[in-house]
Amino acid sequence: MQAFYSDHFVLPLPPGHRFPMAKYAMLHEAIAQQLPAVALLEAPAASDGQLALVHTPEYIESLVSGGISAAAMREIGFPWSEFMVARARRSVGATVAAVRAAQQTGVAANLAGGTHHAYAGKGGGFCVFNDVAVAARLAQAEWQRHNRLPLKVAVIDLDVHQGNGTAHIFQSDSSVFTLSLHGDKNFPFRKETGDLDVALADGCGDADYLAALEQALLELSQRFEPGLVLYLAGADPYAGDRLGRLALTQDGLEARDRRVFDWCFQRRIPVVFVMAGGYGRQIEETVQIQLRTFRAGLSYAQRWQ
């Protein structure tokens, strides 16, 4: 199974910044040590042209040049730097590369990604460019060169925060279905309308969450037939997450992952999974949850063979 990384591009963050940048390198190291069947590959950088399939030229230029306003950077939550732009490009490039790999082998991954709060013309919530949206659009464009019918893409977003940017980008696009299970009272406080939004109460645990997921997947299968799935496997529904407000266990999160992979495998739909959010009070717990996602994904990749 191919998995793409960009953790060697480390953002220079001020002391005390709440974004857990170290988790990416920790996950990379854990996969290398414990899952040797995962082929770890350096992510390519997304080009301006690829980014422009989703993002406005003005937004791209303002970021690349450093001319973006201080207010816009505050909304993103990172200080501007050339390294920030380079890392954001690689995060998109990793998902693009994973999509191409999954279309050949069934399952592939990005060790980061899931930057679902980025809109076409602005970022937000630690998200600069929307990797999933760009990868979906590019996959559709490449598919269209050789196929008469369009490629239909389902985004299964199981980060604890609604993917407001992704929902807004695809709001009027019937070829992309956005499904989101998220905390009702959590960020973003003004939700966008996706194709299927399931709002969960604070404190929701394994049983209620998995029941809601089962119902959502049933509705997805009744309404849409994707040829590609992009899965945001957020670690932040975990009970020990600083920003999550839900109460899933690590076993519950692994059951969630396996259900999504199983849904895709039963239908032979290529699936790309990305890590999205994870802000554990103990960063090691976030990494452990993500490692378990990779272990589950690898088992399905091996079944595809």
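To start, this report covers the structure provided alongside it.

Rules and cut-offs
- Residues numbered from 1 in each chain as written.
- Predicted model: local features only at pLDDT ≥ 70, side-chain atom pairs only at ≥ 80, totals over all residues.
- Heavy atoms only, no water.
- Helix = DSSP H or I, 4+ residues; strand = E, 2+ residues; numbered from the N terminus.
- Rg over C-alpha atoms; globule rule 2.2 N^0.38 Å.
- Buried < 20%, exposed > 50% of the residue type's maximum accessible area, 1.4 Å probe, protein only.
- Contact = heavy atoms within 4.5 Å.
- Areas by Shrake-Rupley, 256 points an atom, 1.4 Å probe, with all protein chains shown as cover.
- Lys, Arg positive; Asp, Glu negative; His and termini not counted.
- Charge placed at Lys NZ, Arg CZ, Asp CG, Glu CD.
- Pairing = 2+ DSSP bridges.
- Axes fitted to C-alpha atoms, helices over the stretch in contact; angles between N-to-C directions.
- Core = buried A, V, L, I, M, F, W, Y, C linked by side-chain atoms within 4.5 Å.
- Salt bridge = Lys/Arg side-chain N within 4 Å of Asp/Glu carboxyl O.

Section: the overall build of the chain
Per the secondary structure count, the chain includes 10 helices and 8 strands. Rg of the C-alpha trace for the chain: 17 Å, near the compact-globule value of 19 Å for 305 residues, within the 12% margin. Principal-axis analysis of the C-alpha atoms gives the chain an extent of 50 × 45 × 40 Å. For the chain, the residues scored as buried account for 59% of the 305 residues in total. Long-range contacts, defined as pairs at least 24 residues apart, comprise 75% of the intrachain contacts of the chain with a sequence gap of at least 6. Approximately 12,000 Å² of the chain is accessible, and the part contributed by carbon and sulfur atoms is 52%. Positive and negative side-chain charges in the chain, numbering 27 and 31 respectively, have mean positions lying 2 Å apart.

Considering the sheet that holds strand β1 (residues 2-5)
Strand order in the open sheet formed by 8 strands is β2-β1-β3-β8-β7-β4-β5-β6, and the pairing between neighbours is parallel. On the outer flanks of this sheet lie β2 (39-42) and β6 (196-200), each paired with one strand and no other. Across the sheet, the mean angle from the axis of one strand to that of its neighbour is 15°, orientation sign disregarded. Examined bridge by bridge, strand β4 (residues 153-157) and strand β5 (residues 176-183) share 5 bridges and lie parallel to one another.

Description of the nonpolar core
As a rule of thumb, nonpolar side chains are buried together in soluble globular proteins. Membership of the largest hydrophobic core comes to 55 residues, with the highest contact counts inside it found for Ile156, Leu181, Leu220, Val229, Tyr231, Phe273 and Phe294. Among the elements that make up this core, the one with the highest residue count is helix α10 (residues 283-304) (9 residues). Leave out the neighbours within four places in its chain, and Val229 touches Ala154, Ile156, Trp263, Cys264, Ile269, Pro270, Val271 and Val272. Ranked by size, the runner-up nonpolar core spans 51 residues in total, among them Met21, Ala98, Ala139 and Val274.

Focus: the pattern of salt bridges
Between side chains of opposite charge, a pair can form when the charged atoms approach closely. In total, this model carries 15 salt bridges according to the counting rule given. The residue Glu42 makes a salt bridge to Arg90 at a minimum N-O spacing of 3.3 Å. You can see Glu42 sitting in strand β2 and its partner Arg90 sitting in helix α5 (residues 82-105), a full 48 residues away along the chain. In this structure Glu42 comes out as partly exposed when scored by relative accessible area, which is 43%. Residues Arg89 and Asp48 are paired through a salt bridge, measuring 2.7 Å at the closest nitrogen-oxygen approach. A residue pair is termed long-range when its members are at least 10 positions apart, and Arg89 in helix α5 and Asp48 in helix α2 (residues 48-51) qualify at 41 residues. Given a relative accessible area of 39%, Asp48 falls into the partly exposed group. Through salt bridges with shared partners, a single ionic network connects Asp251, Glu254, Arg258 and Arg292.

Digging into the pairing of strand β3 (residues 107-110)
Side-chain alternation along β3 places Val107 and Ala109 on one buried face and Ala108 and Asn110 on a second face that is also buried. Pairing geometry for β1 and β3, over 3 bridges, is parallel. Bridge pairing in β3 places Phe4 opposite Asn110. Summarising the sheet, β3 and strand β8 (residues 271-274) pair through 4 bridges and their orientation is parallel. Across the sheet, residue Ala108 finds its bridge partner in β8, namely Val272.

With respect to the environment of Pro20
Its location among the elements puts Pro20 in the loop between β1 and α1 (22-34). For the pair Pro20 and Thr286, spaced 266 residues apart in the sequence, the C-alpha separation amounts to 9.8 Å. Contact partners of Pro20, with chain neighbours within four places excluded, come to Arg242, Gly278, Tyr279 and Ile283.

Focus: unusual backbone geometry
Of the consecutive residues Phe187 and Pro188, the connecting peptide bond is found in the cis state with omega at -5°. Within the element layout of this structure, Pro188 appears in the loop between β5 and β6. Its identity is not glycine, yet Phe126 carries a phi of approximately 70°, on the positive side. Here Phe126 shows up in the loop between β3 and α6 (131-144). According to the relative accessible area criterion, Phe126 is buried, its value standing at 13%. Of note in this structure, Arg268 is not a glycine but carries a positive phi near 55°.

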